[in-house]
Amino acid sequence: MNKAAIIYFSGTGNTKYVVNIMKSYFNGINIICDLVDIEKKVIDLSQYDYIVFGGPVFVERYPEILLKYIEKNLSNYKGKCMMFSTQASDVVSSVFQHALKRLKNLNITYCDFISMPNNFYNFMFKKYTDDEEKRAIEAASKKARQMVKEFLEGKESKIEISNFRVQLAEVGYKMTYPYLRKWLMKKLSIDRDKCVECGLCEINCPTNSITISPSLKIKDTCTFCQRCLNICPKNAFLYKGKNIEQYKPNFKQEIK
Ligand SMILES: Cc1cc2nc3c(=O)[nH]c(=O)nc-3n(C[C@H](O)[C@H](O)[C@H](O)COP(=O)(O)O)c2cc1C
């Protein structure tokens, strides 16, 4: 029986939701599908007939930890690969152009993005309404299946965007990402009356970048994935002195 692996990183659950939909599609057509969460497993990927990989877009790029994992563990893979992203915008970003430059050896025949609710609204852009969120999740579920179907059928999908757009994204990245930590550090704090020092934010950080005692510190390795803020059981993080609105999307819709 054919086997597929989906390699992914998910900061706050959007990508995880999508990969579960993809897995159920593979399983529905009798293809065994293993999910490879890059934070948990390194496995022999040569045993798979199909490889899918993806993650969120953070300022027009994949998180560095995802790219590094793929470079390290997939560079000798000779089969066809599908690459996808989850992102807030419904307009294509330059995530794939950037990734393709880094992953030159891979045979990526199919790539596309899936729009999902924005998880960065505490700092930038706006929060989806419940209705927008529901519609985005439903549409994402349909698109995720369609993408896997087309990939398996051998349909080639490459996203072409103009050089100007790629360069603009490059400038956007260089002008924001390296400064995000400093900017956030000035405005983020912890409500010590609420924080119970359970350590969940520290233990769950994918890059071991946060410490909260004796004071809040975030290392340069932070990817800004937002997990620490959203996982806090007491919602004790403050932004500009005010409580953060935690990202708790309703993924309870049935995964068919
Ligand atoms: C630091 C940061 C930067 C982001 N940059 C973009 C972006 O450039 N374009 C976009 O469409 N969405 C952007 N987003 C939104 C996320 O890509 C989107 O919500 C994604 O689905 C989150 O996936 P996850 O929950 O699996 O981590 C950004 C989110 C964060 C936290």
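All of these numbers come straight from a predicted model, not from anything done at the bench. (Residues numbered from 1 in each chain as written. Predicted model: local features only at pLDDT ≥ 70, side-chain atom pairs only at ≥ 80, totals over all residues. Heavy atoms only, no water.)

1. Some points on the sheet that holds strand S10 (residues 242–243)
Selection rule: When DSSP locates at least two bridges between a pair of strands, those strands are taken to pair. Think of it this way: any DSSP run of H or I at least four residues long counts as a helix, any run of E at least two long counts as a strand, and we number them from the N terminus. Two residues qualify as a contact provided that any one of their heavy atoms is within 4.5 Å of a heavy atom in the partner residue. Fitted lines through C-alpha atoms serve as axes, helices being fitted only where they are in contact, and the angles separating the N-to-C directions of these axes extend from 0 to 180 degrees.
Spatially, 3 strands are ordered S6-S9-S10 in an open sheet, and the strand pairing comes out antiparallel. In the strand order of this sheet, the two ends are held by strand S6 (188–190) and S10, each with one partner. The pairing of strand S9 (residues 237–239) with S10 spans 2 bridges and is classified as antiparallel. Within the sheet, the bridge partner assigned to Leu238 lies in S10 and is Asn243. Each of S6 and S9 touches helix H5 (residues 163–187); the most contacted strand, S6, lies at about 45° to it.

2. Re the site of the ligand
This is how the line gets drawn: Only heavy atoms are used to decide nearness, and a residue is near a molecule or strand if one of them lies within 4 Å of it. In protein, a polar contact means a hydrogen-donor-capable atom and an acceptor-capable atom, both N or O and within 3.5 Å, with residues adjacent in sequence counting only if both atoms are side-chain atoms; elsewhere, any N or O pair within 3.5 Å suffices. In these tables, accessible area is a Shrake-Rupley quantity obtained with a 1.4 Å probe, and a residue counts as shielded only by the protein chains included in the view. Using only the protein atoms, space was sampled on a 1 Å grid; points where a 1.4 Å probe fits but cannot get out form cavities, open sets with protein on both sides within 12 Å along at least five of seven lines form pockets, and lining residues are those with an atom within 4 Å of a point. A pocket or cavity is taken to hold a molecule when more than half of that molecule's atoms are within 2 Å of the pocket's grid points.
Residues in contact with the ligand amount to 22 residues; listed here are only the nearest, Ser10, Thr12, Thr15, Val57 and Ser89. Between the ligand and the protein, one listed contact pairs an oxygen atom with a backbone N or O atom of Ala88 at 3.0 Å. Within the complex, the protein chains bury 96% of what would otherwise be the 650 Å² of accessible surface of the ligand. Spatially, the ligand is embedded in the largest pocket. Put simply, the parts of the chain that give the shell around the ligand at least two residues each are helix H1 (14–28) and strand S4 (80–87).

3. Description of the pattern of salt bridges
Worth spelling out the cut-off: Salt bridges are identified by distance alone: a Lys or Arg side-chain nitrogen within 4 Å of an Asp or Glu carboxyl oxygen. Any residue under 20% of the maximum accessible area for its type is buried, any over 50% is exposed, and the rest in between are partly exposed; the area is computed with a 1.4 Å probe on protein chains only.
Enumeration according to the criterion identifies 17 salt bridges in this entry. A salt bridge links Asp131 to Arg135; the shortest N-O distance between them is 3.2 Å. Of the two residues, Asp131 and Arg135 both sit in helix H4 (residues 130–153), 4 residues apart, roughly one turn of that helix. With relative accessibility at 46%, the residue Asp131 sits in the partly exposed group. Among the ionic contacts, a cluster of salt bridges with common partners joins Glu64, Lys68, Glu71 and Arg102.

4. Quick word on the pairing of strand S2 (residues 32–37)
Where strand S1 (residues 3–8) and S2 come together, 6 bridges link them in parallel fashion. When the bridges of S2 are listed, Ala5 appears paired with Asp34.

5. Comments concerning helix H2 (residues 64–74)
Given 3.6 residues per turn, any residue in an α-helix points the same way as the ones three and four places further on. Test applied: Within this analysis, the arc is defined by the directions that extend from the helix axis to the C-beta atoms.
If you check which residues of H2 are buried, you get Leu66, Leu67, Tyr69, Ile70 and Leu74. Within H2, the buried residues cover an arc of 160° as seen down the axis, which keeps them to one side. Away from its buried face by more than 90 degrees, H2 exposes Lys68 and Lys72. Its buried side turned inward, H2 meets S1, S2, strand S3 (50–56), S4 and helix H3 (95–102).

6. Points about the packing of H1 against H4
Here is the rule we go by: Angles below 35 degrees are treated as roughly parallel, those above 145 as roughly antiparallel, those between 65 and 115 as roughly perpendicular, and all remaining angles as oblique. Each helix crossing is assigned a hand: it is left-handed if the near helix lies turned anticlockwise from the far helix by less than a right angle, otherwise right-handed if that turn is clockwise. Residues are sorted three ways: Asp, Glu, Lys and Arg are charged, Ala, Val, Leu, Ile, Met, Phe, Trp, Tyr, Cys and Pro are nonpolar, and all the rest, Gly among them, are polar.
At a minimum axis separation of 9 Å, H1 and H4 run at an interaxial angle of 45°. Considering the angle they form, H1 stands oblique to H4. Helix-helix and strand crossings are classified by hand; for H1 and H4 the assignment is right-handed. Contact with H1, carried on its side by Tyr17, Val18, Ile21, Met22, Tyr25 and Phe26, involves Ile137, Ser141, Ala144, Arg145, Met147, Val148, Lys149 and Leu152 of H4 and no other residues of that element. Of the residues belonging to the contact of H1 with H4, the class tally is 11 nonpolar, 1 polar and 2 charged.

7. Considering the sheet that holds S3
One open sheet holds the 5 strands; their spatial order is S2-S1-S3-S4-S5, and the pairing between them is parallel. What marks the edges here is a single partner per strand, and that holds for S2 and strand S5 (107–115). Strand-to-strand twist across the sheet, computed as the mean angle between neighbouring axes with direction ignored, equals 20°. Judged from the 5 bridges that link them, S1 and S3 form a sheet pairing that is parallel. For Tyr8, the partnering residue across the bridge sits in S3 and is Gly54.

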